[in-house]
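# Notes for the structure review
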Amino acid sequence: SGDLTVSGDSSGAYSEIITGDMHIKSTTEGASDAGAGLRLFTDDETVMESGDRLGVIEFAGAEDTSANITVGARIEALTTAQWSSSQNGADLVFYTTYGDAGQVEVMRLSSGGNMDIPATHRFYLDGGSNTYIYESAADTIGIATNATNRLVLDNNSRISLSNNDDGSYNTIFG
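Notes on the structure in this doc start here. Treat the numbers as computed from the prediction; the structure is a model and nothing was measured.

### Thoughts on the overall build of the chain
Counting its regular elements, the chain contains zero helices and eleven strands. Evaluated residue by residue, the chain yields a buried proportion of 16% over its 174 residues. Of the contacts formed within the chain by residues at least 6 apart in sequence, a portion of 14% connects residues at least 24 apart.

### As for unusual backbone geometry
Phi is positive for E45, close to 65°, though the residue is something other than glycine. Of note, S157 is a non-glycine position whose phi angle comes to about 65°, a positive value. Its place among the elements puts S157 in the loop between β9 (148-153) and β10 (159-161).

### Side note on the side chain of E76
Tracing the backbone through its elements, the reader meets E76 in strand β2 (residues 69-79). The exposure class of E76 is buried, given its relative accessible area of 5%. Sequence-distant contacts of E76, that is, excluding residues within four places in its chain, are made with R53, G55, V56, D91, L92, V93 and Y95.

### Description of the pattern of salt bridges
Per the stated rule, a full pass over the model turns up five salt bridges. Residue E105 pairs with R108 through a salt bridge whose shortest N-O separation is 2.9 Å. Residue classification places E105 among the partly exposed residues on the basis of a relative accessible area of 24%. Among the ionic pairs, R158 bridges to D154, the shortest N-O distance being 2.5 Å. Several salt bridges share partner residues, and in doing so they unite R53, R74 and E76 into one network.

### Points about the pairing of strand β4 (residues 102-109)
Taken residue by residue, a regular strand's side chains alternate between the two faces of the sheet. As paired elements, strand β3 (residues 90-98) and β4 share seven bridges and run antiparallel to each other. Bridge pairing in β4 links Y95 to E105. Turn length for the β3-β4 hairpin, with the two strands adjacent in sequence and antiparallel, is three residues, and the turn residue G99 shows positive phi of about 75°. By the bridge criterion, two bridges tie β4 to strand β5 (residues 115-116) in an arrangement that is antiparallel.

### Section: the sheet that holds β2
Read from one edge of the open sheet, five strands run β1-β2-β3-β4-β5, paired in antiparallel fashion. Of all strands in the sheet, those bounded by a partner on one side alone are β1 (53-62) and β5.

### Quick notes on the sheet that holds strand β11 (residues 170-173)
Sheet architecture is open: six strands sit in the order β6-β7-β8-β9-β10-β11, paired in antiparallel fashion. Unpaired on one side and paired on the other, β6 (122-124) and β11 mark the two borders of the sheet. Going across the sheet, the axis of each strand differs from the next one's by a mean of 25°, ignoring polarity. Of the pairings in the sheet, the one linking strand β7 (residues 132-135) to strand β8 (residues 141-145) comprises four bridges and is antiparallel in character. Bridging across to β8, Y134 finds its partner in G142.

### Remarks on a nonpolar patch on the surface
Nonpolar side chains collect at one region of the surface, where L92, L109, M115, I117, F123, L125, I133, I141, I143 and L153 lie side by side and expose about 790 Å² of accessible area between them. Within the secondary structure layout, I141 lies in strand β8.

### A word on the packing of aromatic side chains
Per the stated rule, a full pass over the model turns up two aromatic pairs. Among the aromatic residues, ring-to-ring pairing joins Y124, Y132 and Y134 into one connected group. The aromatic ring of F41 is capped on one face by R39, whose charged end is 5.6 Å from the ring centroid. Taking NZ or CZ as reference, R74 lies 3.6 Å from the ring centre of Y95, over its face.

What counts and how
- Residues numbered from 1 in each chain as written.
- Predicted model: local features only at pLDDT ≥ 70, side-chain atom pairs only at ≥ 80, totals over all residues.
- Heavy atoms only, no water.
- Helix = DSSP H or I, 4+ residues; strand = E, 2+ residues; numbered from the N terminus.
- Buried < 20%, exposed > 50% of the residue type's maximum accessible area, 1.4 Å probe, protein only.
- Contact = heavy atoms within 4.5 Å.
- Salt bridge = Lys/Arg side-chain N within 4 Å of Asp/Glu carboxyl O.
- Pairing = 2+ DSSP bridges.
- Axes fitted to C-alpha atoms, helices over the stretch in contact; angles between N-to-C directions.
- Patch = residues over 30% accessible without salt bridge, like charges linked within 9 Å, V, L, I, M, F, W, Y side chains within 5 Å.
- Areas by Shrake-Rupley, 256 points an atom, 1.4 Å probe, with all protein chains shown as cover.
- Phe/Tyr/Trp six-rings, centres within 6.5 Å; stacked < 30°, edge-to-face > 60°.
- Lys NZ or Arg CZ within 6 Å of the ring centre and 35° of its normal.

This is the structure we're talking about:
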């Protein structure tokens, strides 16, 4: 009964406190908020500022036999404003790694309730193959099937369709 607290500096040095799997078990029952929990928090005895990180979960592994550990993905919570008794906004940000340890934001659940995906990323509907929705840098939304643009909505209210495999399309409205 009680809390387990692990404290330390953030110098980047790691200490192993357990090996194998970590299990958190709750014996509380009955209430809708009962159950096991994990709480990450920051308290340096100052107010949280906009952009401060509340906590992070990193998924990492060995990239060689010399114990060099590299992060493959992470999820972090970032504040969106200076915190007060009436303002506690935070975004939940997801990152993945491609290539040589370069982490890139791939999705953000914003404090306002939106799911944000960067404009250069595609939203695949078939598991990442060839059917997707995208936004180009020019504020153009497109739908592609078979990796070919089929429907394009541009920032001038034009709608264009393609009915061929070369990706060219004709404006049908606007």
